[in-house]
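Secondary and tertiary structure notes
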Amino acid sequence: MADSKYDYDLFVIGAGSGGVRAARMSAQYGARVAIAEQQYLGGTCVNVGCVPKKLFVYASAFRDDFTTAGNFGWHVPETTFDWATLLRNKNAEIERLNGIYAKLLDNAGVVLYRDRAVVEGPHEISIDGKRITSRHILVCTGGKPFVPDFPGAELVITSDQAFFLERLPPAIAIVGGGYISVEFAGIFNGLGVETHLVYRGSLFLKEFDQDLREILAKEMAAKGIHLHFDTEIERIDEEANGALRSTLSSGQTLTTGLVMYATGRTPNTESLGLNNTAVALDQHGAILVDDHFQSHEPSIYAIGDVIGRVALTPVAIHEGMLLADNLFRGGKGVMNYEFIPTAVFSQPNLGTVGYTEQQARQRFTKVDIYRSEFTPMKHSLGDTGENVLMKLVVDTETDRVVGCHMLGEGAGEIIQGFAVAIKAGATKGDFDATVGIHPTAAEEFVTMRTAVTG
Ligand code: FAD
């Protein structure tokens, strides 16, 4: 395999979720691999994404847990929260993970360059003042938060800064309708910050099932989050005391200590030297690749957020493994993007796999919808008002379950299990033939019998 014409068989740019996996697997298959990372090992997910986000979600959920504990007879003394402790412990955990990534790369024999890499040609990279050649180059540079241009845009923060705030503000406005804004609204609200979610659409999370979105909005409002739908921020002005006054399209003003924008992410392809090659980008700056992640420049490949397909860590990892297999083990695998499970770590969680009711109605001639809404046992003592919603979407013609959706505690964990069955093509008959685990919320998925067909 080794091609001595080049310094490496594979040079990976970006040591995030996709890059690290592709580099390690390729090295394990015998390739001579190097990887470049300009900032932090593990990329977005480990440093400013999934991992710290989930830790913050755990921190913020304790507030409701204390209330629930009271319903079960516990006397919970007045609670206080110390942001500095959370931040310190979170940072220590992430440093530990950074170290693990370094070790994984080292153990696999991957050469690590801790600097920014620039593509100089189809087989050439410059880094650290050196020119390096490689038979293949893999770009997995991820993405960065996008903030639209408007008066006061320079005053806002994004999720990148939200992970390192010196102190929590008394109030925050979060702008956006995707999962990051919804999750951060739950985080800040749970930690005691007056939270406003501002979104220009009529309801957030537009890729998800309408029923779940509606109930999540109700649950979030019931927890005290101020939802401003059909609303945009027109301008932000800084007041003498440092507070930010947002003027909304509704004419209202909102004064908060911070304004956080979570209005999408753009691929990191700027100033990467791709113009020195035949690599082509789409209108959003994402690298155009074929089914085998090959760009218009045959020696250059790209995976993960930078190709703008499905921006999730497990997807980037899967793409990385496929690519390594294809390049260095003669594989021919292509990524199947159907039935990718995902979760929104809102409070309560939203977990989903497959088609929403709305998508299924467009795709299949007839669908059966099974729906169950109930108070989970944990919340049956006392009035916390948190409901669970579960939904199955079935293609009537084949009886195949094509969508499985849940809003409720543990939805991410539960949907992961059901995703295996759905990916394997399970029918509603298979679900019915499965014995439940009692008493759980998840058993509802195998005991739903009454459908609305249409
Ligand atoms: P990244 O992980 O972004 O890695 C790219 C790396 O490339 C970075 O480390 C960057 O520094 C480096 N780089 C860029 N340019 C260069 C260069 N020229 N030279 C050297 N290095 C360079 N996904 C989930 O599945 N579940 C979640 O719960 C989840 N939560 C998220 C929460 C937030 C707030 C965010 C922002 C994202 C979240 N994601 C989540 C998405 C997930 O983080 C990404 O899909 C994933 O990290 C993509 O991996 P990647 O390898 O494509 O890029």
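Just above sits the structure.
Read on for an overview of the structure. Each chain carries its own residue numbering, running from 1 in the written order of its sequence. Confidence filtering applies because this is a predicted model: local features only for residues at pLDDT of at least 70, side-chain atom pairs given and counted only at 80 or more, and all residues used for totals across whole chains, interfaces and linings. Where side-chain values are given, they derive from all heavy atoms of the structure, hydrogens and water being excluded.

1. Some words on empty space enclosed by the protein
With a probe scaled to a water molecule rolled over the atoms, the places where space remains empty come into view. Selection rule: Using protein atoms alone on a 1 Å grid, points that fit a 1.4 Å probe yet trap it form a cavity, whereas open point sets bounded by protein on both sides within 12 Å along at least five of seven lines form a pocket; residues with an atom within 4 Å of a point count as lining. Grid points are joined across faces, edges and corners, and a volume is the space filled by probe spheres set on the points. Where helices and strands are cited, they refer to DSSP runs of H or I of at least four residues and of E of at least two residues respectively, numbered from the N terminus. Following the grouping adopted for this structure description, the nonpolar residues are Ala, Val, Leu, Ile, Met, Phe, Trp, Tyr, Cys and Pro, the charged ones are Asp, Glu, Lys and Arg, and the polar ones are all others, Gly among them.
One pass over the structure, following the stated rule, counts one cavity of 30 Å³ or more. A volume near 60 Å³ is recorded for the largest cavity. Around the largest cavity sit Ser 60, Arg 63, Asp 64, Gly 186, Asn 189, Gly 190, Met 220, Lys 223, Ile 225 and Gln 347, which together line it. Contributing elements (two or more residues each) for the lining of the largest cavity: helix 3 (50-71) and helix 6 (179-190). Looking at the lining of the largest cavity, its residues break down into two nonpolar, five polar and three charged.

2. Considerations on the packing of helix 3 against helix 6
When two helices pack together, their arrangement is given by the angle between the helix axes and by the axis-to-axis distance. Note the cut-off: In this analysis, axes come from line fits to C-alpha atoms, helices being fitted only over the stretch in contact, and the angle between any two N-to-C directions falls in the range 0 to 180 degrees. These descriptions rest on fixed angle ranges, namely under 35 degrees for roughly parallel, over 145 for roughly antiparallel, 65 to 115 for roughly perpendicular, and the rest for oblique. A crossing counts as left-handed when the near helix is turned anticlockwise from the far one by less than a right angle, and as right-handed when that turn is clockwise. We call two residues in contact when some of their heavy atoms are within 4.5 Å.
At their nearest, the axes of helix 3 and helix 6 sit 7 Å apart, and the two run at 40° to each other. For the element pair helix 3 / helix 6, the angle class is oblique. Where helix 3 crosses over helix 6, the two elements pack in a sense that is left-handed. The segment helix 3 lies against helix 6, with Lys 53, Phe 56, Val 57, Ser 60 and Arg 63 engaging Tyr 179, Glu 183, Phe 184, Gly 186, Ile 187, Asn 189 and Gly 190. Residue composition of the contact of helix 3 with helix 6, grouped by class: five nonpolar, four polar and three charged.

3. Digging into helix 7 (residues 210-222)
Quick note on the threshold: Here the expected span of a helix is defined as 1.5 Å times the quantity of residues minus one. The classification of residues rests on relative accessible area computed with a 1.4 Å probe and restricted to protein chains. Under 20% of the type maximum is buried, over 50% is exposed, and intermediate values are partly exposed. The definition of a polar contact used here is a pair of N or O atoms within 3.5 Å, where within protein one atom must be able to donate a hydrogen and the other to accept one, and adjacent residues in sequence count solely through side-chain atom pairs.
For helix 7, with 13 residues, the first-to-last C-alpha span of 18 Å sits near the 18 Å given by 1.5 Å per residue. Buried within helix 7 are the following residues: Asp 211, Leu 212, Arg 213, Ile 215, Leu 216, Ala 217, Glu 219 and Met 220. The distance from a side-chain oxygen at the start of helix 7 to the backbone nitrogen of Asp 211 is 3.1 Å, and the residue carrying that oxygen is Asp 209.

4. Considerations on the site of the ligand
This is how the line gets drawn: For this description, a residue counts as near a given molecule or strand if any of its non-hydrogen atoms is within 4 Å of it.
Around the ligand, the structure places 36 residues, and the nearest of them are Gly 18, Glu 37, Thr 44, Lys 53 and Asp 305. In the environment of the ligand, an oxygen atom lies 2.7 Å from a nitrogen or oxygen atom belonging to the side chain of Lys 53. In the environment of the ligand, an oxygen atom lies 3.2 Å from a nitrogen or oxygen atom belonging to the backbone of Leu 312. Put simply, the parts of the chain that give the shell around the ligand at least two residues each are helix 1 (17-28), helix 2 (43-48), helix 3, helix 6 and helix 8 (313-328).

5. Remarks on the environment of Ile 180
Take Ile 180: it is sitting in helix 6. In sequence terms Ile 180 and Ser 346 are 166 residues apart; their C-alpha atoms lie 9.1 Å from each other.

6. Some words on the sheet that holds strand 12 (residues 244-248)
Two strands in a sheet stick together by hydrogen bonds in their backbones, pointing the same way (parallel) or opposite ways (antiparallel). For the record, the criterion: Two strands qualify as a pair provided that DSSP identifies no fewer than 2 bridges between them.
Spatial strand order, 11-12-13: three strands in an open sheet with antiparallel pairing. A strand with exactly one partner marks an edge of an open sheet, and here the two such strands are strand 11 (233-238) and strand 13 (253-256). Within this sheet the neighbouring strands show an average axis-to-axis angle of 20°, counted without direction.

7. Regarding the packing of aromatic side chains
Two aromatic rings, taken as a pair, are described by how far apart their centres are and by the angle between their planes. Rule in force here: Only Phe, Tyr and Trp rings are paired, with Trp represented by its six-membered ring, and only when their centres lie within 6.5 Å; those with planes under 30 degrees apart are stacked, over 60 edge-to-face, the remainder tilted. Either the NZ atom of lysine or the CZ atom of arginine qualifies as a charge over a ring when it sits within 6 Å of the ring centre and within 35 degrees of the ring normal.
Taken as a whole and assessed by the stated rule, the structure comprises 14 aromatic pairs. Between Phe 56 and Phe 163, the ring centres sit 5.6 Å apart and the planes meet at 40°, which makes this aromatic pair tilted. A residue pair is termed long-range when its members are at least 10 positions apart, and Phe 56 in helix 3 and Phe 163 in the loop between helix 5 (159-162) and strand 8 (171-175) qualify at 107 residues. Here the two residues Phe 56 and Phe 163 agree in accessibility, since each one is buried. Plain terms: the ring middles of Phe 339 and Tyr 355 are 5.8 Å apart, the flat faces sit at 85° to each other, and that makes the pair edge-to-face. Here Tyr 355 lies in the loop between strand 18 (350-354) and helix 9 (357-363) and Phe 339 lies in the loop between helix 8 and strand 17 (342-344), a separation of 16 residues in the sequence. Note on accessibility: Phe 339 and Tyr 355 belong to one class, buried. In textbook terms, an aromatic cluster arises when at least three aromatic residues are bridged by ring pairs, as seen for Phe 56, Trp 83, Phe 163, Phe 184 and Phe 188. The side chain of Lys 90 reaches across the aromatic face of Phe 164, ending 4.0 Å from its centre. The ring of Tyr 370 is capped by Lys 428, whose NZ or CZ atom sits 4.2 Å from the centre of that ring.

8. Observations concerning the packing of helix 1 against helix 8
In the contact formed by helix 1 and helix 8, the axes pass within 8 Å of each other and the chain directions differ by 30°. Relative to helix 8, the element helix 1 lies roughly parallel. Handedness of the crossing formed by helix 1 with helix 8: right-handed. Along its contact with helix 1, which presents Ser 17, Gly 18, Arg 21, Ala 22, Met 25 and Ser 26, the element helix 8 presents Thr 313, Ala 316, Ile 317, Gly 320, Met 321, Ala 324 and Phe 328.

9. Some words on the sheet that holds strand 8
Spatial ordering of the open sheet is given by 10-9-8-14, a layout of four strands whose pairing is parallel. Every other strand in the sheet has two partners, leaving strand 10 (226-228) and strand 14 (258-261) as the edge strands with one partner each. Averaged over all pairs of adjacent strands, the angle between strand axes in this sheet comes to 20°, irrespective of strand direction.

10. Points about the pattern of salt bridges
Under the convention used in this document: For this document, the term salt bridge refers to a Lys or Arg side-chain nitrogen within 4 Å of an Asp or Glu carboxyl oxygen.
Enumeration over the complete set of coordinates arrives at 24 salt bridges. The salt bridge partner of Glu 93 is Arg 96, with a shortest N-O separation of 2.9 Å. Of this pair, Glu 93 and Arg 96 both sit in helix 4 (residues 83-108), three residues apart, roughly one helical turn. A residue is classified by how much of its surface remains accessible, and Arg 96, at 46% relative accessible area, is partly exposed. One salt bridge in this structure joins Glu 166 and Arg 167, with 3.6 Å as the shortest N-O distance. Looking at Glu 166, the relative accessible area reads 71%, which means it is exposed. Residue classification places Arg 167 among the exposed residues on the basis of a relative accessible area of 61%.

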